[in-house]
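Tertiary structure, described
Listed below, chain by chain, are the residues.
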Amino acid sequence: TTNNYIIDPVGAMLSECELIKRKPFLVNELEPQYLLHDRRKVYEHLEKYGIPVPNYALVNREYPYQELDHFIEQEDFVEIHGKRFLKPFVEKPANGDDHRIMIYYPNSAGGGMKELFRKVGNRSSEFHPDVRRVRREGSYIYEEFMPTGGTDVKVYTVGPGYAHAEARKSPVVDGVVMRNPDGKEVRYPVLLTPMEKQMARDVCNAFRQMVCGFDLLRCDGRSYVCDVNGWSFVKNSYKYYDDAACIMRKIFLDAKAPHLSSTIPPTLPWKSKAPEGLTRQGSGIIGTFGQSEELRCVVVVIRHGDRTPKQKVKLKVTEEKLLNLMLKYNGGKPRAETKLKSAVQLQDLLDATRQLVPPTRSGQESDSDAEDLEHIEKLRQVKAVLEEGGHFSGIYRKVQLKPLKWIKVPEHNGDGEEDRPIEALMILKYGGVLTHAGRKQAEELGRFFRNNIYPGEGTGLLRLHSTYRHDLKIYSSDEGRVQMSAAAFAKGLLDLEGQLTPILVSLVSKDSSMLDGLEDASIEMDEAKARLHEIIISNAKAKNTNGSVEFPWMVDGAGLPPNASELLPKMGVLSYGVRDLRTFILRCN
């Protein structure tokens, strides 16, 4: 910019001839800046230069709500040109100036949508639990959601040889902007890997923007560029501005006065000498034997919170619809069991069950075989459980189908015989839902853990710093109550706000193999269950033997009445009665 003209890449621009005539030095070239206003062109340009981007697909519409044959939306995924994106996925407007970005969550995590927008006060996103359908009024980019541990990395280049990176709390977690006493968003410097430094150089060169900002996603040990902002600079860093001043001065002199470039020192005058007596303190402490000790990690194992009772329905099925459904989801293997958990799978089972269950109980049912009547009642109970709630928004229902009997049938091509299941065991498991008290317990435990394990840290654990949040990993089994307990614990540990679904998807890694190591522990588990069962239902009194107590929790003063051993069996009988009553109500419906 000069007093005579202003370069405006999106408005009235200086004529090309006059621009060539004046021969200004362009820090950021103008033509590539048009690309930054269209996210589709940004991604195309990044791929052209071999810069990693998230897995994505384009939906281009010529007019609002245009129906497209290549775009399919189902309950838990969208499919574009045959490319399927399972929830959670990200929906970005093609228009780079539209900052309303949506994240759609799967029903297995509770469903809903998170809307990201430019910061308004202390908010940068809002969760909408009832929104489940994608937008159709324009053109959008759909891409995989990449769990980044709740952090975003912003990278700022000053020429291709310099990159400054900062991390902030991701808006996808709870949408609350962390601000310092001056009102600025809290960010902390992070170190870039050699690969990320090369990506910064490539972005700078690809878009021919020396002063450039872009967003980096770190996921599963790899990094991806998800947005390029063009002219951007760090908001609050003296070091960045000192470095930028030296680099820009060098660039200008090399371009317009190379004879002066070598005569001017590369550093600022007041930065030429390092302060004396300043040493970097290590994180180690002196141990007993004079050796430096360092805390490598903190590992916490936590049980899920309070839950509702788990329920189970077992029945043998011979209906062809159900057997075909089992083969559909186990890859056509006649002797392999199938687990149905997703909304699509459970909906298929519900549709099949509805066709098999009579709509009403006819008067002739009393004359039918007792086993057939019981079978129909169990199918009706399965149907009632699957229909409960109106949609599969929870993560607390699953069905197992285990083949029991097979027959030999000719293969489709006529070259021999193959197994065909004729009977399977269906097991419907439901309930075990984390209660409100359970969520509160997990959240309070996370807060208690932070305040007691790190008493001297102040807000240290909450800060977005590579030594904490970048290294914080939360794993959960695939049980719904365990996932929600992990999300609630993370909410208390990191002092987050809002609902658990975005926290669960952003911070908790689901690993179904976490319990695989317990396969050989079944004998010990059965013995422990038998012992607990004996203690609960027995009429034994607490007995003192040589000063020891056989049942210490039954001792007077431990919070239980003196006749607890008599009450516990009654409580067991009562719980069975409640279960039977609920089963009766489901059957009546």
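Here is a short report on the structure shown in this document. (Residues numbered from 1 in each chain as written. Predicted model: local features only at pLDDT ≥ 70, side-chain atom pairs only at ≥ 80, totals over all residues. Heavy atoms only, no water.)

Describing the nonpolar core
- Core analysis: the largest hydrophobic core is formed by 30 residues, its most contacted members being Ile103, Ile503 and Leu507.
- Tallying contributions element by element places helix H10 (residues 480-493) first for this core, with 7 residues.
- Those residues in contact with Ile103 that lie beyond four places of it in its chain are Phe89, Val90, Gly112, Met113, Lys114, Leu116, Phe145 and Val172.
- Counting residues in each nonpolar core, the second largest holds 29 residues, with Tyr43, Val190, Phe214 and Cys226 among its members. (Core = buried A, V, L, I, M, F, W, Y, C linked by side-chain atoms within 4.5 Å. Buried < 20%, exposed > 50% of the residue type's maximum accessible area, 1.4 Å probe, protein only. Helix = DSSP H or I, 4+ residues; strand = E, 2+ residues; numbered from the N terminus. Contact = heavy atoms within 4.5 Å.)

Details of the pairing of strand E3 (residues 77-80)
- Both faces of E3 are covered, namely the face carrying Phe77 and Glu79 and the face carrying Val78 and Ile80.
- Relative to E3, strand E2 (residues 71-73) runs antiparallel, the two sharing 3 bridges. Bridging from a neighbouring strand, Ile72 pairs with Glu79 of E3.
- Between E2 and E3, which follow one another and run antiparallel, lie 3 residues.
- Judged from the 4 bridges that link them, E3 and strand E4 (residues 83-86) form a sheet pairing that is antiparallel. In the sheet register, Ile80 faces E4, and the bridge partner there is Lys83.
- The hairpin turn running from E3 into E4, its antiparallel successor, is 2 residues long, and His81 in that turn takes a positive phi close to 55°. (Pairing = 2+ DSSP bridges.)

A look at a positive patch on the surface
- On the surface, a cluster of positive charge is made up of Arg303, Lys310, Lys312, Lys314 and Lys529.
- Per-element tally for the positive patch: the top contributor is strand E17 (residues 310-317), with 3 residues.
- On the secondary structure map, Lys310 appears in strand E17.
- Of the residues examined, Lys310 reaches a relative accessible area of 49% and is grouped as partly exposed. (Patch = residues over 30% accessible without salt bridge, like charges linked within 9 Å, V, L, I, M, F, W, Y side chains within 5 Å. Areas by Shrake-Rupley, 256 points an atom, 1.4 Å probe, with all protein chains shown as cover. Salt bridge = Lys/Arg side-chain N within 4 Å of Asp/Glu carboxyl O. Lys, Arg positive; Asp, Glu negative; His and termini not counted. Charge placed at Lys NZ, Arg CZ, Asp CG, Glu CD.)

Regarding the pattern of salt bridges
- Using the criterion set out here, one finds 33 salt bridges in the structure.
- Note that Arg133 and Glu73 form a salt bridge whose closest N and O atoms lie 3.7 Å from each other. Highlighted residues: Arg133 in the loop between strand E8 (123-128) and strand E9 (140-144) and Glu73 in strand E2, separated in sequence by 60 residues.
- Taking the relative accessible area as the measure of exposure, Arg133 reaches 49% and is therefore partly exposed.
- Exposure remark for Glu73: the relative accessible area of 9% places this residue in the buried category.

A closer look at the sheet that holds strand E10 (residues 151-158)
- Spatially, the 5 strands line up as an open sheet ordered E12-E11-E10-E13-E14, and their pairing is antiparallel. At either end of the open sheet lies a strand with only one pairing partner, and these are strand E12 (188-189) and strand E14 (222-230).
- Pairing of E10 with strand E11 (residues 163-169), which is carried by 7 bridges, proceeds in the antiparallel orientation. Looking across to E11, one finds that Val155 is bridged to Ala165.

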